[in-house]
Amino acid sequence: MTTQLTARRRTRTSLHLAHRPSACQQARAWVAEALTRWDATREETDDVLLVMCELVTNAIIHTTGPIRAHLSRDHQGSYHVQVDDGGPAAPRAARPDEHADSDEHGRGLVIVGHLAARHGHSRASHPYRSRAWAVLAPATPTPAGPLTLVPAPRSLEPTS
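Residues numbered from 1 in each chain as written. Predicted model: local features only at pLDDT ≥ 70, side-chain atom pairs only at ≥ 80, totals over all residues. Heavy atoms only, no water.

**Some thoughts on the packing of helix α1 (residues 22–37) against helix α2 (residues 42–62)**
- α2 packs onto α1 with a crossing angle of 155° between their chain directions and a minimal axis gap of 9 Å. The pairing of α1 with α2 is recorded here as roughly antiparallel in orientation. Handedness of the crossing formed by α1 with α2: right-handed. On the side of α1, the interface is formed by A23, C24, A27, R28, W30, V31, A32 and L35, while α2 contributes T45, V48, L49, M52, C53, V56, T57 and I60. (Axes fitted to C-alpha atoms, helices over the stretch in contact; angles between N-to-C directions. Helix = DSSP H or I, 4+ residues; strand = E, 2+ residues; numbered from the N terminus. Parallel < 35°, antiparallel > 145°, perpendicular 65-115°, else oblique. Left-handed = near helix turned anticlockwise from the far one by under 90°. Contact = heavy atoms within 4.5 Å.)

Right, here's the structure in full:
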């Protein structure tokens, strides 16, 4: 039995976001709607949503100015996630109650790195200054092949 992959058409969409905490929720709804229209799998949707939310959250926390999110899918089925922002914000002073042991931040790019085939940062064109991006490769289907039967384990104990 052979499987046939359907050709995917290139699709893209962009969204301007306000620099406020609700931007992540807005981006999440926008991405979910786009991926539904593009017939993304559940796994693809979960991964793309997580990567987009991490990049938007980083833009909200660590940058200033406008935010623009981009999402596209190429002909091979790879998803391109990109967030442009106004550039680095001034570093904030640590609060006395902040402890490294209980810090809930700092894992976003590790997650992005785990899910993405590649990711990085670059300069963005005006009015943006910084760009974070990630490319998520399509899930590779397991080809259907001949069924291999494995014999049940046998005991070396004598039977009565």
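**Description of the pattern of salt bridges**
- Applying the stated criterion across every chain, the model contains four salt bridges.
- Linking R37 and E33 is a salt bridge whose minimum nitrogen-to-oxygen distance equals 3.2 Å. Of this pair, R37 and E33 both sit in helix α1, separated by four residues, roughly a single helical turn.
- Of the charged contacts in the structure, one is a salt bridge between D84 and R131, with a shortest N-O distance of 2.7 Å. Of the two residues, D84 sits in strand β3 (residues 79–85) while R131 sits in strand β5 (residues 130–136), which places them 47 residues apart along the sequence.
- Note on D84: relative accessible area 0%, which makes it buried. (Salt bridge = Lys/Arg side-chain N within 4 Å of Asp/Glu carboxyl O. Buried < 20%, exposed > 50% of the residue type's maximum accessible area, 1.4 Å probe, protein only.)

**Re the sheet that holds strand β4 (residues 118–123)**
- The strand order β1-β2-β3-β5-β4 describes an open sheet built from five strands, whose pairing is antiparallel. Looking at strand neighbours, the two that pair on one side only are β1 (11–17) and β4, the edges of this open sheet. For this sheet, the mean inter-axis angle between neighbouring strands, taken without regard to orientation, is 15°.
- Inspection of the sheet shows β1 paired to strand β2 (residues 67–73) by seven bridges, in the antiparallel sense. Residue pairing for β2: L15 is matched across the bridge by A69.
- Against the sheet, α1 makes contact with β1, β2 and β3, and its axis sits at roughly 165° relative to β1, the strand it touches most.
- The sheet contacts of helix α3 (residues 108–115) involve β4 and β5, and relative to β4 the element is tilted by about 125°. (Pairing = 2+ DSSP bridges.)

**As for α1**
- Between its terminal C-alpha atoms α1 stretches 23 Å, which fits the 22 Å expected from 16 residues at 1.5 Å a residue.
- When α1 is considered as a whole, its buried residues turn out to be A23, C24, A27, W30, V31, A34 and L35. Down the axis of α1, the sector holding all buried residues measures 130°, keeping them to one side. With respect to the buried face of α1, the exposed residues turned more than 90 degrees away are Q25, E33 and T36.
- Once α1 finishes, D39 follows within two positions and takes phi at roughly 55°, a positive value. (Expected span 1.5 Å × (residues − 1). Arc of directions from axis to C-beta.)

**Looking at the confidence of the model for the chain**
- Mean pLDDT for the chain: 81, with 71% of residues reaching 70 or above.
- Contacts of residues 1–5 to residues separated by more than four positions or lying in other chains number three contacts, the stretch itself having pLDDT below 50.
- The low-confidence segment residues 147–152 (pLDDT under 50) makes zero contacts with residues lying over four places distant or belonging to another chain. (pLDDT = per-residue confidence, 0-100.)

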